[in-house]
Amino acid sequence: MPIATPEVYNEMLDRAKAGQFAYPAINVTSTQTLHAALRGFAEAESDGIVQMSTGGAEFLGGQYAKDMVSGSRALAEFAHIVAEKYPVNIALHTDHCPKDKLDGYVRPLLDISAERVARGQNPLFQSHMWDGSAETLNDNLSIAQELLAKAAAAKIVLEVEITPTGGEEDGISHEINDELYTTVDDALRTAEALGLGEKGRYLLAASFGNVHGVYKPGNVVLRPELLRELQDGVGAKYGKQNPFDFVFHGGSGSTRTEIATALSNGVVKMNLDTDTQYAFSRPIADHMFRNYDGVLKVDGEVGNKKIYDPRSWGKLAEAGMAARVTQACADLRSTGTRLK
């Protein structure tokens, strides 16, 4: 199937919310990790989301220029071609983008999609994320209003993060403390500024103790039941049941109970990066350790070309990451839910 159209993406999100499941959103940094994600979704018979962070986009842009726009644009164009060979619908998304990188990442990509839509094409990406969690809520929502208008005009869904996610990702870091919990007042101010769909569709990354990376038990206290308070608090004022489409950040290492509670409270997208990075790299490490005398020219020998050929260990890496994506689909209950 091709990359999801705006209509298909909206249907995906609606079905996830109604069915109380969520799509894994898999960070990719290469054509190989892209194929691993697509393969995992296909094997799970689940539609899904593939995303690129600012650091991932910079890496894709090459270490000479490190251009985020050309890097993410190139992989997106590649995805539009290769995704047709996989029997699932895939949405393309850009992950965390702070204020100082908007002009070098999200805004140019919004312009590219707007130009495509003006020509009668679909947007290049289906959603973009604005991470204003380091700003005051007033400034965060002011920028979100501007971006939401541009996104809606380009048939794109915007994701907004209104309060911090702990830990560190691509240079964005927040302490693990009591500020990692969104309040009902935060959610009400968001609804007042951005509406509840009439100004454009958006996904809300609310914080309920989320932390990027994986931490030992006891270091992170997730409260996914907080999402119900936000839904009910805003819903009561606006007369709308479950008004928000939530995103679960820092999902790697979460328990199935925590995930189930989040799904029942409106989470439709959960980000995975740390776990899939490890699932990709672990088979490579195993291959290198087991075959060190083949991948290295030890003591003047010539090594073994079949062993150090990147395809030999690359196939193992793809399979390892694909298996982790398939597991994520099972955890999020999206297995077997693909749109026909």
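Predicted, not measured: the structure shown is a model, and the values here were computed from it. (Residues numbered from 1 in each chain as written. Predicted model: local features only at pLDDT ≥ 70, side-chain atom pairs only at ≥ 80, totals over all residues. Heavy atoms only, no water.)

Asks: Looking at this structure, how should I read the environment of Glu301?
Replies: Topologically, Glu301 is positioned in the loop between helix 11 (292-295) and helix 12 (305-308). Note on Glu301: relative accessible area 55%, which makes it exposed. Glu301 sits 153 residues away from Leu148 along the chain, and the two C-alpha atoms are 60 Å apart. (Helix = DSSP H or I, 4+ residues; strand = E, 2+ residues; numbered from the N terminus. Buried < 20%, exposed > 50% of the residue type's maximum accessible area, 1.4 Å probe, protein only.)

Asks: Would you mind showing me how to read the packing of aromatic side chains here?
Replies: In this description, an aromatic ring pair is defined by two values, namely the gap between the centres and the angle between the planes. On inspection of all chains with the given rule, the structure shows 3 aromatic pairs. Ring geometry for Phe21 against Tyr23: centres 5.5 Å apart, planes inclined by 85°, an arrangement best described as edge-to-face. Assessed through its relative accessible area of 0%, Tyr23 is described here as buried. Centre to centre, the rings of Phe208 and Phe248 are 5.0 Å apart; their planes meet at 70°, and the pair counts as edge-to-face. With Phe208 in the loop between strand 8 (202-205) and helix 8 (226-238) and Phe248 in strand 9 (residues 246-248), this pair connects stretches of sequence that are 40 residues apart. Comparing Phe208 with Phe248 shows no difference in burial state: the two are buried. Cation over ring: Arg223 sits above Tyr181, and NZ or CZ is 5.2 Å from the ring centre. (Phe/Tyr/Trp six-rings, centres within 6.5 Å; stacked < 30°, edge-to-face > 60°. Lys NZ or Arg CZ within 6 Å of the ring centre and 35° of its normal.)

Asks: Would you explain the nonpolar core in this entry?
Replies: Nonpolar side chains in soluble globular proteins tend to be buried together. If you look at the biggest cluster of nonpolar residues, it comprises 81 residues, and the most contacted ones within it are Phe41, Val160 and Phe244. In this structure Phe244 touches Lys17, Ala187, Ala191, Leu196, Tyr202, Leu204, Leu230, Gln231, Val234 and Gly266, once residues within four positions along its chain are discounted. The next biggest cluster of nonpolar side chains, apart from the first, holds 16 residues, and it includes Tyr9, Ala25, Ile49 and Leu339. (Core = buried A, V, L, I, M, F, W, Y, C linked by side-chain atoms within 4.5 Å. Contact = heavy atoms within 4.5 Å.)

Asks: Please explain the confidence of the model for the chain as it appears in this structure.
Replies: Low-pLDDT stretches of the model should not have their predicted coordinates read in fine detail. For the chain, the mean per-residue pLDDT works out to 93, and 92% of the residues sit at or above 70. In this model residues 172-177 is a low-confidence stretch, pLDDT under 50, and it forms 18 contacts with partners more than four residues away in sequence or in other chains. (pLDDT = per-residue confidence, 0-100.)

Asks: What exactly am I supposed to notice about the packing of helix 4 (residues 68-82) against helix 5 (residues 106-118) here?
Replies: The relative placement of two packed helices comes down to the angle between their axes together with the axis-to-axis distance. The contact between helix 4 and helix 5 brings their axes to 10 Å, and the two run at 40°. By the angle between their axes, helix 4 is oblique relative to helix 5. Here the hand of the crossing between helix 4 and helix 5 comes out right-handed. Across from Val69, Ser72, Arg73, Glu77 and His80 in helix 4, the residues of helix 5 making contact are Pro108, Leu109, Ile112 and Arg116. Of the residues assigned to the contact of helix 4 with helix 5, the class counts are 4 nonpolar, 2 polar and 3 charged. (Axes fitted to C-alpha atoms, helices over the stretch in contact; angles between N-to-C directions. Parallel < 35°, antiparallel > 145°, perpendicular 65-115°, else oblique. Left-handed = near helix turned anticlockwise from the far one by under 90°. Nonpolar A, V, L, I, M, F, W, Y, C, P; charged D, E, K, R; others polar.)

Asks: When you look at the pairing of strand 1 (residues 23-27) in this model, what are you seeing that I'm missing?
Replies: Sheet faces and side chains relate simply in a regular strand, where the side chains alternate between the two faces. Among the 5 residues that make up strand 1, 5 are buried, leaving the element largely enclosed by the rest of the structure. Neither face of strand 1 is exposed, since Tyr23, Ala25 and Asn27 on one face and Pro24 and Ile26 on the opposite face are all buried. Two elements, strand 1 and strand 10 (residues 267-272), share 4 bridges in a ladder whose sense is parallel. Looking at the pairing, Tyr23 lines up with Lys269 of strand 10. The sheet contact formed by strand 1 and strand 2 (residues 48-52) spans 3 bridges and is parallel. Directly across from Ala25, in strand 2, lies its bridge partner Ile49. In terms of handedness, the path from strand 1 via helix 2 (residues 31-44) over to strand 2 forms a crossover that is right-handed. (Pairing = 2+ DSSP bridges. Right-handed = clockwise from strand over helix to strand, strands pointing away.)

Asks: Hey, could you run me through the environment of Gln20 in this one?
Replies: With respect to the helices and strands, Gln20 occurs in the loop between helix 1 (6-19) and strand 1. When sequence neighbours within four positions are dropped, the list of residues in contact with Gln20 reads Leu263, Ser264 and Arg333.

Asks: Looking at this structure, I do not really get the pairing of strand 8. What am I missing?
Replies: Here strand 8 shows two buried faces, one formed by Tyr202 and Leu204 and the other by Leu203 and Ala205. Sheet topology places strand 5 (residues 157-161) next to strand 8; 4 bridges connect them, and they run parallel. Bridging across to strand 8, Glu159 finds its partner in Leu203.

Asks: Even after reading the chapter, I still don't get helix 9 (residues 256-264), so can you show me in this structure?
Replies: Each full turn of the α-helix corresponds to 3.6 residues, which orients residues three or four apart in the same direction. Those residues of helix 9 that fall on the buried side of the exposure criterion are Ile259, Ala262 and Leu263. Projected down its long axis, helix 9 carries its buried residues within an arc of 100°, all on one side. Considering only its buried residues, helix 9 is in contact with helix 8, strand 9, strand 10 and helix 13 (310-331). Following helix 9 by one or two positions, Gly266 adopts a phi angle in the positive range, close to 110°. (Arc of directions from axis to C-beta.)

Asks: Teacher, can you tell me more about the side chain of His80 here?
Replies: Residue placement: His80 occurs in helix 4. If we ignore the near neighbours within four places in the chain, the residues touching His80 are Ile3, Leu92, Arg116, Pro123 and Leu124.

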